[in-house]
Structures are given as C-alpha cells and as structure tokens.
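Coordinate inspection notes
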Amino acid sequence: MEPNVDDRDEWQPIKAVRARFPNEAEATDIWVRERGYESPYENPYACLESFADRTTEAIFAKDSASVSAHTAFIADWYLRGPEAIRQLVDVYYAEPLMWNASNEQKRWAWDFIAAPVRSLYEDMWGAPEA
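All figures in this text were calculated on a predicted structure; none of them were measured in a lab. Position numbers for residues start from 1 in each chain and track the written sequence from start to end. Per-residue local features of the predicted model are confined to residues with pLDDT of at least 70, and side-chain atom pairs are confined, for both listing and counting, to 80 or more; whole-chain, interface and lining totals are unaffected and use all residues. As a convention, hydrogens and water are excluded, and side-chain values are obtained from all of the structure's heavy atoms.

Section: the packing of aromatic side chains
Classification of ring pairs uses Phe, Tyr and Trp, with its six-membered ring standing for Trp, and accepts pairs whose centres are within 6.5 Å; under 30 degrees between planes counts as stacked, over 60 as edge-to-face, and the remaining range as tilted. Per the counting criterion, the structure on display carries 7 aromatic pairs. Judged by centre distance (5.3 Å) and plane angle (40°), the ring pair of F21 and F51 falls under tilted. Here F21 is found in the loop between α1 (11-20) and α2 (22-34), whereas its partner F51 is found in helix α3 (residues 44-60), with 30 residues between them in sequence. With respect to burial, F21 and F51 carry one shared label: buried. Going along the chain from the N terminus, every DSSP run of H or I of four or more residues is numbered as a helix, and every run of E of two or more is numbered as a strand. Think of it in three bands: residues with accessible area under 20% of the maximum for their type are buried, residues over 50% are exposed, and the middle band is partly exposed, with areas taken using a 1.4 Å probe on protein chains only.

Take a look at the structure:
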C-alpha cells in the first residue's frame, strides 16, 4: 500500500529516495520488514533510518560516490522542506548516520557528507576526532 503523500509531508522524501536509489530501496524494504512492518509504507521514520544505514554501509565500503550522492540528496530535502521534513531528516537520517562506524571511518567519510547533513550530525554527536 503506497502512502497518500498529500496527507503527510514525511512521505515525499521517502518516495523520492525510493525512486532515486532503487537498490537501496530494496535493502530498506528488507530492513523494515525485519523490524515487524508489513510494508515500507507503514512508517516513514523507519524508512529514512534504514536509508541512513545504507549510507553507513557505503561508508564502510569506502564508496565515496554513494556517500556523496545519498547525503546531497537528503540535504536538498532538508534545505527545501517544511519543518516536518527537516525534523525527519535530522532525527531519522543525520542522527543514526555512521552508527557503529569507527572514528577512522567517520573521518574518512566526513568530506563526502553534504554540509547540511554534516552540520546536523555534528550538532548531535560532534565532529569525528582528528
């Protein structure tokens, strides 16, 4: 069941992420179902948190192109979105980004992360240690 994006702003970036990053959407669907949801369209928050995990996986793989693409795409939504989307990105993308990454992995990724996402992350967790 697809969401009615007219009802909730939060679904707009989720649909956009799914369209722009179909491989990541497949992995997100698995992640969301493993957490007990029948459909990825039940919870926009879980979907975006899972996409943060896909970005973190790209960091682990040292895939700078994916890290840059993911974070730039999300940063654009953050910058032009209403408050509901800004909160969604802050709490469910920037905060869980790089979860379980070592400081070395975080330092490697830092320059590839779009500045708005980097700023949100830094506000919550601080910059990686030099």
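From this point on, the discussion continues.
Here's the deal with the packing of helix α5 (residues 83-94) against helix α7 (residues 115-125)
One can describe the packing of α5 onto α7 by two numbers: an axis separation of 10 Å at closest approach and a directional angle of 70°. With respect to each other, α5 and α7 are oriented roughly perpendicular. In this structure, the crossing between α5 and α7 has a hand that is right-handed. Two secondary-structure elements touch here, α5 through V89, D90, Y93 and A94 and α7 through V117, L120 and Y121. To obtain each axis, a line is fitted to C-alpha atoms, and for helices this fit is confined to the stretch in contact; angles are then taken between N-to-C directions over 0 to 180 degrees. Working definition: roughly parallel below 35 degrees, roughly antiparallel above 145 degrees, roughly perpendicular at 65 to 115 degrees, and oblique for all remaining angles. Helix crossings are classified by the rotation of the near helix relative to the far one: an anticlockwise turn of less than a right angle makes the crossing left-handed, while a clockwise turn makes it right-handed. We call two residues in contact whenever any of their non-hydrogen atoms come within 4.5 Å of each other.

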